[in-house]
Amino acid sequence: MFRFFVLTGLLVFAGFAMTAAAQDTNQRTRDLVASLDKTKYKKKEKVNVSVEVYLDIKNTPAAKANPADYSGLYDADGFRLRLEVASDGSAMGSGFDTLVDSGKTLNFELKNARIDGALLTAAKVYDGGREESFEAAFVHRTSRTGKNPNDVATTDTKFGLGFIQSAQGNETWTNRVFLEKR
């Protein structure tokens, strides 16, 4: 009888742990996706000229039923990632980043890459052995542009991978990066 209670307790605890891990992954995905959003509005007026520019970028998580469907080439100016994903969510990848401040290109390979829902976690191992953690979200990115929020001229939606690139040291900065799937 005692074994029954211990076994039941362990199963309940394991169920709670799995639920907590799934909630943590979902929350991390939502937080990352929200940090990729951006809205800008500028208006300049001079003697007889008024110029308005509006940009609104919204992202939504793009979870796929089969993680292998994320396999492919993702790129943008200065960034590239070739990703191979198995149906169990394990992944391998390689690519390059370009540093914003110097324009220097750094090659990397992904280590311990894993996809859970729309979240990709891994370590980037750069040439020379430097390693840093990497977290990105697969998203549908919608860009709206125009003169102002009430006068949107174009709307464009793309699928890809978004992440925050940051650096610290002499200069601290962050950069929202979106790699479109090709």
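Computed from a predicted structure; not experimentally measured.

Student: Break down the side chain of Thr98 for me, with residues and values.
Tutor: One can find Thr98 in strand β5 (residues 90-98). Thr98 gets classed as buried once you look at its relative accessible area, which sits at 17%. Within the local environment of Thr98, its side chain forms a polar contact with the backbone oxygen of Gly78, the two atoms lying 2.6 Å apart. When near neighbours in sequence (up to four residues on either side) are disregarded, Thr98 contacts Gly78, Phe79, Gly103, Lys104, Thr105 and Gln165.

Student: Give a description of the environment of Arg80 that names residues and reports values.
Tutor: With respect to the helices, strands and loops of the structure, Arg80 is situated in strand β4 (residues 79-85). Discounting residues that sit within four places of it in the chain, Arg80 has contacts with Leu73, Tyr74, Asp75, Ser94, Gly95, Phe96 and Phe108. Within the local environment of Arg80, its side chain forms a polar contact with the side chain of Asp75, the two groups lying 3.2 Å apart.

Student: Give a description of the pattern of salt bridges that names residues and reports values.
Tutor: Where charged atoms from two side chains of opposite charge approach closely, those side chains can pair. Enumeration according to the criterion identifies 13 salt bridges in this entry. Between Arg182 and Asp75 there is a salt bridge, and its shortest N-O distance comes to 2.5 Å. A residue pair is termed long-range when its members are at least 10 positions apart, and Arg182 in the segment after β10 (173-181) and Asp75 in strand β3 (residues 72-76) qualify at 107 residues. For Arg182, a relative accessible area of 57% puts it in the exposed group. When its relative accessible area of 13% is taken as the criterion, Asp75 is described as buried. Across the salt bridge formed by Arg182 and Glu180, the nearest N and O atoms sit 3.2 Å from each other. Each of Asp75, Arg80, Asp156, Lys158, Glu180 and Arg182 takes part in salt bridges that share partners, so that together they form one network.

The rules behind the values
Residues numbered from 1 in each chain as written. Predicted model: local features only at pLDDT ≥ 70, side-chain atom pairs only at ≥ 80, totals over all residues. Heavy atoms only, no water. Helix = DSSP H or I, 4+ residues; strand = E, 2+ residues; numbered from the N terminus. Buried < 20%, exposed > 50% of the residue type's maximum accessible area, 1.4 Å probe, protein only. Polar contact = N/O pair within 3.5 Å; in protein donor to acceptor, adjacent residues only side chain to side chain. Contact = heavy atoms within 4.5 Å. Salt bridge = Lys/Arg side-chain N within 4 Å of Asp/Glu carboxyl O.

Taken by themselves, the reported measurements are silent on function.
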